[in-house]
Amino acid sequence: MKRSYYGVLCLCFVLLLNIFFTQKAIHAFYYQNYDATIIFAILNLVLFPAAVIIYQREKKV
Amino acid sequence: MEHDHHKDKTNENKTINKNNTVPFAEDNFTHNIKQLQERKLDRRGFMKTLVGAAGVFAVSTLPWGALAMRELSRDGEKQYAEKEIVKLDDVKVGEAVQFTYPSEHHTALLIRTGEQDVVAYQNACTHLLCPVFWDKGKEKLVCPCHHGFFDVTTGQPTAGPPQRPLPQITLTVKQGTVYATGVKRYET
Ligand code: FES
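Residues numbered from 1 in each chain as written. Chains lettered and ligands numbered in written order. Predicted model: local features only at pLDDT ≥ 70, side-chain atom pairs only at ≥ 80, totals over all residues. Heavy atoms only, no water.

## A closer look at the packing of helix H1 (residues 6–30) of chain A against helix H2 (residues 34–58) of chain A
To describe two helices that pack against each other, one gives the angle between their axes and the distance between the axes. All names here are of chain A. Threshold: Axis definition: a line fitted to C-alpha atoms, over the contacting stretch in the case of helices. Angles run 0 to 180 degrees between N-to-C directions. In this description a helix means any DSSP run of H or I spanning at least four residues, a strand means any run of E spanning at least two, and both kinds are numbered starting from the N terminus. Throughout this description, any angle smaller than 35 degrees is read as roughly parallel, any larger than 145 degrees as roughly antiparallel, any in the 65 to 115 degree range as roughly perpendicular, and the remainder as oblique. Handedness of a helix crossing follows the sense of rotation of the near helix relative to the far helix, less than a right angle counterclockwise being left-handed and clockwise being right-handed. Three residue categories are used. Nonpolar comprises Ala, Val, Leu, Ile, Met, Phe, Trp, Tyr, Cys and Pro, charged comprises Asp, Glu, Lys and Arg, and polar comprises the others, including Gly.
Put simply, H1 and H2 touch, their axes get as near as 8 Å, and they point 165 degrees apart. As summarised for this structure, H1 and H2 are arranged roughly antiparallel, according to the angle between their axes. The two elements H1 and H2 cross, and the hand of that crossing is left-handed. Looking at side-chain class alone, the contact of H1 with H2 contains 17 nonpolar, five polar and two charged residues.

Next comes the structure, spelled out in structure tokens:
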């Protein structure tokens, strides 16, 4: 059976977004943009369940 | 299965040692390396690692979010206490003095740029928090760590890695004494 690397790709993209959001959150914090910090922190939190869902969908293919 | 097979082999040419232990049948000391139990990173393992990484990232941004919440929940402008720094006459034109403001843990620099002109900045570099110092010859604030330079009149970074201006401290001069009155917010 040919494996699907779709999940690996998606999760790599999630990791990219994680890095991006973390960077943005911390920069916004130092620039005293506190709303933006909270938004990016929440986005980063949401990515975790998303990653779990991607894993569960893709582990068997 | 693998294990049993191994056992048989050892039992075959069993020679009992003096202290009643059985030596291993082979002499290359690889009996405890089992090929089937070697760790390997397969596709699924890699995906698991990535999910774990997502979890770590999520948790690591939490404290920043919490700190931001705390800042937002404070109503109105941040209040700063007035603090006496130095007598104006004790600093020559072109010289700087170090002080701390608003708390003991925030070091800052006061620079007298003219007869009547004084500016002050928190001097933790906005790149990686090294202490920035005043270079009299270059008339710039210099970070020695990675050669960051800041403009003395605005606190804006002019060269090197820093991207964010140094936080400026507002000052008032009363009867020849300089007081710090607050830290300027960044304009957004
Ligand atoms: S810490 Fe100041 S330039 Fe890097």
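## Description of the pairing of strand E9 (residues 168–174) of chain B
Where a strand is regular, its side chains alternate between the two sheet faces. All names here are of chain B. Filter applied, for reference: Should DSSP find at least two bridges between two strands, the strands are taken to pair.
The pairing of strand E4 (residues 118–122) with E9 spans two bridges and is classified as antiparallel. In the strand pairing of E9, tyrosine 121 is matched with glutamine 168. Where E9 lies against strand E10 (residues 177–183), six bridges are found, and the strand directions are antiparallel. Paired with threonine 172 across the two strands is tyrosine 179, which belongs to E10. Taking the residues between adjacent antiparallel strands as the criterion, E9 and E10 are bridged by two residues, where glutamine 175 takes a positive phi near 45 degrees.

## Things to note about the confidence of the model for chain B
A low pLDDT means the predicted coordinates there should not be read in detail. Residue and element names in this part refer to chain B. Short version of the rule: The predictor's confidence in any single residue is recorded as pLDDT, a number from 0 to 100. When checking whether two residues touch, look at their non-hydrogen atoms; a contact exists if any pair is within 4.5 Å.
Per-residue pLDDT for chain B has a mean of 86; in total, 88% of the residues score no lower than 70. Here residues 1–12 scores under 50 on pLDDT; set against residues more than four positions off or in separate chains, the count is seven contacts. Taken over the whole predicted complex, pTM reads 0.73, whereas the ipTM for its chain interfaces reads 0.92.

## Considering the side chain of Gln168(B)
Residue and element names in this part refer to chain B. For clarity, the cut-off: In this scheme, a residue with accessible area under 20% of its type's maximum is buried, one over 50% is exposed, and one in between is partly exposed, where area comes from a 1.4 Å probe on protein chains only.
Looking at where glutamine 168 falls in the secondary structure, it is placed in strand E9. Classification of glutamine 168 by relative accessible area gives buried; the value is 18%. The residues touching glutamine 168, leaving out its near neighbours within four places in the chain, are Val119, Ala120, Tyr121, Thr154, Gly182, Val183 and Lys184.

## Quick notes on the nonpolar core
The nonpolar side chains of soluble globular proteins are, as a tendency, buried together. The condition is simple: Here, the term nonpolar core denotes a set of buried Ala, Val, Leu, Ile, Met, Phe, Trp, Tyr and Cys residues that are joined through side-chain atoms within 4.5 Å.
In terms of nonpolar packing, the biggest core is built from 15 residues, with Ile85(B), Phe99(B), Leu110(B), Ile169(B), Leu171(B) and Val178(B) touching the most fellow members. Put simply, the parts of the chain that give this core at least two residues each are strand E1 (83–87), strand E3 (107–112), E4, E9 and E10 of chain B. Ranked by the residues each element gives to this core, the list is headed by E10(B), at three residues. Excluding residues that lie within four positions of it along the chain, Ile85(B) makes contacts with Phe99(B), Leu110(B), Leu171(B), Val178(B), Tyr179(B) and Ala180(B). One finds Leu11(A), Phe21(A), Ile54(A) and Val51(B) within the second-largest nonpolar core, a separate group that totals 14 residues.

## Thoughts on H1(A)
Note the cut-off: Expected span, for any helix, means 1.5 Å times one less than how many residues it has.
Here H1(A) spans 37 Å end to end across 25 residues, near enough to the 36 Å set by a 1.5 Å rise per residue. Buried positions along H1(A) lie against H2 of chain A together with helix H2 (43–73) of chain B. Once H1(A) ends, the next one or two residues include Gln32(A), with phi positive near 60 degrees.

## Notes on the interface of chain A and chain B
Where we set the bar: By definition, the buried area sums, over both parts, the 1.4 Å-probe accessible area that each loses when the two are put together. Salt bridges are defined as contacts in which a side-chain nitrogen from Lys or Arg sits within 4 Å of a carboxyl oxygen from Asp or Glu.
At the interface, 34 residues of chain A touch 27 residues of chain B. Across the interface of chain A and chain B, roughly 2,900 Å² is buried in total on both sides, 75% from carbon and sulfur atoms. The largest share of the area that chain A buries against chain B comes from Tyr31(A), Tyr34(A) and Tyr55(A), three residues that together contribute 20% of it. On the surface where chain A and chain B come into contact, there are zero salt bridges.

## Thoughts on the pattern of salt bridges
Pairing is possible between side chains of opposite charge, provided their charged atoms come close. Residue and element names in this part refer to chain B. Within the structure shown, the criterion is met by six salt bridges over all chains. Ionic pairing is found between glutamate 71 and arginine 74, a salt bridge with its closest N-O pair at 2.6 Å. Residue classification places arginine 74 among the partly exposed positions, given a relative accessible area of 35%.

## Regarding the sheet that holds E3(B)
Residue and element names in this part refer to chain B. Strands sit in the order E1-E10-E9-E4-E3-E2 across an open sheet of six strands; the sheet is antiparallel. On the outer flanks of this sheet lie E1 and strand E2 (96–100), each paired with one strand and no other. On average, each strand axis in the sheet is inclined to that of its neighbour by 30 degrees, with strand direction left out of account.

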